[in-house]
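Architecture and fold: a report
Now for the letters of each chain:
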Amino acid sequence: MFVSNEVAFRERMIGDTVRGMSVLYVLALMVAVPSVLGLLNTLVIAVLERTREIGLVRAIGADRRQIRRMVIVESLLLGTMGLLFGGVVGLAIAYGVNASLTALQSTGAPATFAIPVNGLLILGGGGLLLSALAALLPANRAARLDVIGALRTE
């Protein structure tokens, strides 16, 4: 009878953990959407502010594909910097929370902290993909700029 209670407890804990992780996934999505919109806004403003420079680059021989690539690479660089800084801060906070919860336990067991490398790689790839997707609209806008009109702007 004791074994069946232990198995039932384990199954209940696994179910609770899965539900808890689902909530965390929803929260991550709620953070990702405004981040992508913020990056999109930043890139649109950068393209608008550099209209003359983009026109000058087009006038000396750059084609639309190179201009598109320039904006996408800028977006990927911004996304990479955000991922690096966010990852370092997130890991530091996770370590602090883990150490705090371990200190609150009365077992005296040492704190164990493992960095989820696979999760970090998946989130990093997803973040870079979102950065590239956010750059598509501003990149197309920059590539379609009229060269003469862009050179006339101040």
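Up top you'll find the structure we're talking about.
Report follows, based on the coordinates. As the structure is a prediction and not an experimental result, all values here were calculated from the model. (Residues numbered from 1 in each chain as written. Predicted model: local features only at pLDDT ≥ 70, side-chain atom pairs only at ≥ 80, totals over all residues. Heavy atoms only, no water.)

It is possible for side chains bearing opposite charge to pair when their charged atoms get close. Enumeration over the complete set of coordinates arrives at two salt bridges. Taking the shortest distance from any N to any O, the salt bridge between Asp16 and Arg19 comes out at 2.3 Å. Highlighted residues: Asp16 and Arg19, both in helix α1 (residues 2–49), separated by three residues, approximately one helical turn. For Arg19, a relative accessible area of 52% gives the class exposed. Between Glu74 and Arg50 there is a salt bridge, with its nearest N and O atoms 2.6 Å apart. Pair noted here: Glu74 is in helix α3 (residues 64–104) and Arg50 is in the loop between α1 and α2 (51–59), with a separation of 24 residues, a long-range link. By relative accessible area, which is 22% here, Glu74 ends up partly exposed. (Salt bridge = Lys/Arg side-chain N within 4 Å of Asp/Glu carboxyl O. Helix = DSSP H or I, 4+ residues; strand = E, 2+ residues; numbered from the N terminus. Buried < 20%, exposed > 50% of the residue type's maximum accessible area, 1.4 Å probe, protein only.)

Ranked by size, the top nonpolar core spans eight residues in total: Val47, Ile54, Ala62, Ile67, Val71, Ala139, Ala142 and Leu145. Listing elements by their share of this core, those giving two or more residues are α3 and α4 (117–143). When sequence neighbours within four positions are dropped, the list of residues in contact with Leu145 reads Thr51, Ile54 and Arg58. (Core = buried A, V, L, I, M, F, W, Y, C linked by side-chain atoms within 4.5 Å. Contact = heavy atoms within 4.5 Å.)

Here we take up the packing of aromatic side chains. As enumerated under the stated definition, the model contains one aromatic pair in all. Ring geometry for Tyr95 versus Phe113: centroids 5.3 Å apart, planes at 90°, classification edge-to-face. With Tyr95 in helix α3 and Phe113 in the loop between α3 and α4, this residue pair connects regions lying 18 residues apart in the sequence. Classification of Tyr95 as partly exposed rests on a relative accessible area of 48%. Given a relative accessible area of 33%, Phe113 falls into the partly exposed group. (Phe/Tyr/Trp six-rings, centres within 6.5 Å; stacked < 30°, edge-to-face > 60°.)

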